[in-house]
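Close look at the chain arrangement
Okay, here's what each chain looks like letter by letter:
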Amino acid sequence: MALIQIPLNDVFRSFNDGGLVLFGAGSEGKFDFMPCGWCTPWGLDRVLFTAGPNHYTRGLAEASDRFLLATPTAGMAETVFKLGTTTMHEDPEKLSHAGLEFLSGERELPFPAGCSAWVIFRRVKEGLPQFPNALLFGVAEEAWVDGDLWHEGRPLPEEELPLEKRRLRYEAGGAWYASKGRERVLQGAQGGRTG
Ligand SMILES: Cc1cc2nc3c(=O)[nH]c(=O)nc-3n(C[C@H](O)[C@H](O)[C@H](O)COP(=O)(O)O)c2cc1C
């Protein structure tokens, strides 16, 4: 797997379908990751999502004003489930106990292995409503994707990927899915800046 750095104006391509992301943050040598089920792009290079104020990961993001969002794949379902049902408040070894592995290489925040995209965001506090207090807003500073899952400047269609490499989706109540892929309904239609 080769990492490819992508233009910040293309970050939305990895988040446009919304939904589940892995949220990571670090401060003073500690870092943590948790799944967040409600993430949405908010422009070409920015996202909005919720992470409750009592979560350990959120505290690290507040201390550093930076965070990582990664898009987990279906093959990571068990690990993502464990990351979302254990807390570093109680288990300092939460990440290894969940089976989370990291890509090699020195980085400010380690990139969880098995994801399809990894984006570093600067946290922006200005202009956000005070309620709900779980809201987090970020502007992308650096974006990378798995080169095997990206072709000619956009993500490969999910239906062309093996099940375990498709985006991991979560509805509620233990209902985990792999993205089904996209049936084109307007063949050849052009739209917006995405061409
Ligand atoms: C599938 C899934 C989605 C979740 N989505 C969110 C979310 O959007 N916002 C949130 O605050 N917590 C969410 N959680 C809960 C946190 O991930 C969970 O409380 C986690 O253990 C926090 O870990 P930490 O305290 O180590 O940061 C979700 C959990 C799961 C399993």
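Use the structure listed above.
Residues numbered from 1 in each chain as written. Predicted model: local features only at pLDDT ≥ 70, side-chain atom pairs only at ≥ 80, totals over all residues. Heavy atoms only, no water.

This brings us to the environment of Trp-38. Along the chain, Trp-38 falls in strand S3 (residues 30-41). Its relative accessible area of 69% is what places Trp-38 among the exposed residues. Considering only alpha carbons, one finds Trp-38 and Phe-137, 99 residues apart in sequence, at a separation of 12 Å. Beyond its immediate chain neighbours, meaning those up to four positions away, Trp-38 contacts Gly-19, Leu-48, Phe-49 and Thr-50. (Helix = DSSP H or I, 4+ residues; strand = E, 2+ residues; numbered from the N terminus. Buried < 20%, exposed > 50% of the residue type's maximum accessible area, 1.4 Å probe, protein only. Contact = heavy atoms within 4.5 Å.)

Quick look at the pairing of strand S4 (residues 46-50) now. Inspection of the sheet shows S3 paired to S4 by three bridges, in the antiparallel sense. Among the inter-strand pairings, Pro-41 is bridged to a residue of S4, identified as Val-47. Counting the residues in the hairpin turn of S3 and S4 gives four residues, including Gly-43, whose phi is positive at 120 degrees. With five bridges joining them, S4 and strand S7 (residues 135-146) adopt antiparallel strand pairing. (Pairing = 2+ DSSP bridges.)

On to the site of the ligand. As a matter of local geometry, the ligand sits amid 22 residues, with Asp-32, Gly-52, Thr-57, Thr-86 and Thr-87 nearest to it. The fraction of the free accessible surface of the ligand (650 Å²) that becomes covered by protein chains is 84%. Breaking the shell around the ligand down by element, the ones donating at least two residues are S3 and helix H2 (56-64). Per-element tally for the shell around the ligand: the top contributor is S3, with six residues. Class assignment of the residues belonging to the shell around the ligand gives a composition of eleven nonpolar, nine polar and two charged. (Near = heavy atom within 4 Å. Areas by Shrake-Rupley, 256 points an atom, 1.4 Å probe, with all protein chains shown as cover. Nonpolar A, V, L, I, M, F, W, Y, C, P; charged D, E, K, R; others polar.)

Judged by nonpolar contacts, the single largest core of 44 residues is most densely connected at Phe-15, Phe-23, Phe-49, Phe-67, Leu-69 and Phe-121. Counting residues per element, the ones that place at least two in this core are strand S2 (19-27), S3, S4, H2, strand S5 (66-70), helix H3 (77-83), strand S6 (117-123) and S7. In this structure, Phe-49 is in contact with Phe-23, Cys-36, Trp-38, Cys-39, Phe-67, Leu-69, Ala-134, Leu-135 and Leu-136, ignoring residues within four places of it in sequence. Counting five residues, the second-largest nonpolar core is a separate cluster that includes Leu-48, Val-124, Phe-137 and Val-139. (Core = buried A, V, L, I, M, F, W, Y, C linked by side-chain atoms within 4.5 Å.)

On to unusual backbone geometry. In this structure, Glu-28 is a non-glycine residue whose phi angle is positive, near 50 degrees. Mapped onto the fold, Glu-28 is located in the loop between S2 and S3. Note on Glu-28: relative accessible area 81%, which makes it exposed. Backbone geometry at Glu-152 places phi at a positive 50 degrees, although glycine is not the residue there. Inspection of the secondary structure puts Glu-152 in the loop between strand S8 (150-151) and strand S9 (154-155).

Inspection of the entire model under this criterion finds eleven salt bridges. Notably, a salt bridge pairs Asp-32 with Lys-94, separated by 3.5 Å at the nearest N-O pair. Linking Asp-32 in strand S3 with Lys-94 in helix H4 (residues 94-97), this pair joins segments that are 62 residues apart in sequence. For the pair formed by Asp-32 and Lys-94, the shared burial category is buried. Across the salt bridge formed by Asp-65 and Arg-123, the nearest N and O atoms sit 3.2 Å from each other. Within this pair, whereas Asp-65 is found in the loop between H2 and S5, its partner Arg-123 is found in strand S6, the two being separated by 58 residues in sequence. Accessibility expressed as a relative area gives 14% for Arg-123, which makes it buried. Look at the salt bridges and you will find they share partners, linking Arg-66, Glu-108, Arg-122 and Glu-141 into a network. (Salt bridge = Lys/Arg side-chain N within 4 Å of Asp/Glu carboxyl O.)

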